[in-house]
Amino acid sequence: MPGERLTDQLRRRAHGLVGEALQAAWAWAGNAGAIGPESPRGRRFAHMGAGSWVAFPPGAVFGEEYISIGARTMVGPYVTLAAGLAPGEVLQVPDGVAISIGERCTIGRGASIVGRHRIVIEDDVTTAPNIYITDHNHAYNDPDLPIGRQWLSEEPVRVGAGSWLGTGVVVLPGADIGRHVTVAAGAVVRGTVPDHAVVAGVPARVVRRYVDGEGWQPPLRHEVSTPAWWSAAEG
């Protein structure tokens, strides 16, 4: 019937207009809801450098007074930045900072960085989505007490400058990742990783290293040249 066809057309048009309005509102919320150094939420952080932001919507973000973020660092949406076990916990940490993220870092969507002892992410670190970094875990030394009720084992964590963490990487307490390290997707890292290495697996093992005078060992399957127009080095 002509009337029914007209009603269907109007319904589809209304649906499209509502969809466009919702998309526009979400884009506006993304811009307005981002946390920057001059925003009220940004001023809660121990430090947030110029040009840095935490995207909207954030994950669980608390203990900001113990979190430092350097300049020109981008933290993606749905990222958890948590200092302490719960909001309001008073931490005794060196220099008053439990989580330190350097300059020009990119923290991928859905990452979780949870610290209450010491996590240092140095400059120019990039992560893929859904990585997890923590400096503490429940102990299990008492066989009669549920593990979730036992107190925490804590060790400092470092992710060295210029490193790359692939999707789903887990960095455990005590991990000391060197400079310019590639951590393959899904790897679980503990212990020390040397500079200029590629690690993979559970637990992560070195699968490739750069050796002065010899290059990458084992050799790379193909060389990639950075085009002249690419200016990521300048941030």
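Here goes a summary of the coordinates provided.

Rules behind the numbers
- One numbering rule holds for all chains: residues counted from 1, following each sequence as written.
- The predicted nature of this model means local features are confined to residues of pLDDT at least 70 and side-chain atom pairs, given and counted, to a pLDDT of 80 or more, with totals for whole chains, interfaces and linings taken over all residues.
- Note that water and hydrogens are dropped before the side-chain values are worked out from all heavy atoms of the structure.
- Going along the chain from the N terminus, every DSSP run of H or I of four or more residues is numbered as a helix, and every run of E of two or more is numbered as a strand.
- We define the nonpolar core as a collection of buried residues of types Ala, Val, Leu, Ile, Met, Phe, Trp, Tyr and Cys that are connected through side-chain atoms lying within 4.5 Å of one another.
- Any residue under 20% of the maximum accessible area for its type is buried, any over 50% is exposed, and the rest in between are partly exposed; the area is computed with a 1.4 Å probe on protein chains only.
- Note on definitions: a residue-residue contact is assigned when non-hydrogen atoms from the two residues lie within 4.5 Å.
- For two strands to count as paired, DSSP must find a minimum of two bridges between them.
- Salt bridge criterion: a side-chain nitrogen from Lys or Arg within 4 Å of a carboxyl oxygen from Asp or Glu.

Moving on, we get to unusual backbone geometry. With an omega dihedral of -5 degrees, the bond running from Phe56 to Pro57 counts as a cis peptide bond. Structurally, the position occupied by Pro57 is in the loop between β2 (53–54) and β3 (61–62). The step from Gln217 to Pro218 runs through a cis peptide bond, and the omega angle for that step is -5 degrees. Tracing the chain through its elements places Pro218 in the segment after β24 (215–217). In this model, Arg72 sits at a positive phi of 55 degrees, which is unusual for a non-glycine residue. Relative to the helices and strands, Arg72 resides in the loop between β4 (67–69) and β5 (74–75).

Attention shifts here to the nonpolar core. In this structure, Leu81, Ile113, Ile121, Ile133 and Val183 are the most contacted members of the largest nonpolar core, which totals 41 residues. Secondary structure elements with two or more residues in this core: β4, β6 (80–83), β7 (99–101), β10 (119–121), β15 (157–159) and β22 (197–200). Contacts of Ile133, omitting those with residues within four sequence positions, involve Ser112, Ile113, Val114, Ile119, Ile121, Val157, Val159, Leu165 and Val171.

Here strand β9 (residues 112–115) shows two buried faces, one formed by Ser112 and Val114 and the other by Ile113 and Gly115. Both β6 and β9 contribute to a ladder of four bridges, which runs parallel. In the strand pairing of β9, Thr80 is matched with Ser112. Pairing between β9 and strand β12 (residues 132–134): three bridges, direction parallel. Following the sheet pairing, Val114 is matched in β12 by Thr134.

Once that is clear, we can look at the side chain of Ser100. Among the secondary structure elements, Ser100 is positioned in strand β7. With relative accessibility at 19%, the residue Ser100 sits in the buried group. For Ser100, the residues in contact, after removing those within four places along its chain, are Ser68, Ile119, Val120 and Ile121.

What follows deals with the environment of Gln9. Turning to its location among the elements, Gln9 is positioned in helix α1 (residues 2–33). For Gln9, a relative accessible area of 45% corresponds to the partly exposed category. Placed 116 residues apart in sequence, Gln9 and Val125 show a C-alpha to C-alpha distance of 51 Å.

Turning next to the pattern of salt bridges. According to the stated counting rule, one finds eight salt bridges in the structure shown. Measuring nitrogen to oxygen at the nearest pair gives 2.3 Å for the salt bridge that ties Glu89 to Arg116. One end of the pair, Glu89, is in the loop between β6 and β7; the other, Arg116, is in the loop between β9 and β10, and 27 residues separate them in sequence. A salt bridge links Glu154 to Arg116; the shortest N-O distance between them is 2.2 Å. Of the two residues, Glu154 is situated in strand β14 (residues 152–154) and Arg116 in the loop between β9 and β10; the sequence distance between them amounts to 38 residues. The partly exposed category is assigned to Glu154, whose relative accessible area is 28%. Judged by relative accessible area, Arg116 falls into the buried class, the value being 11%. By sharing partners, the salt bridges in this structure join Arg41, Arg44 and Glu64 into a single network.

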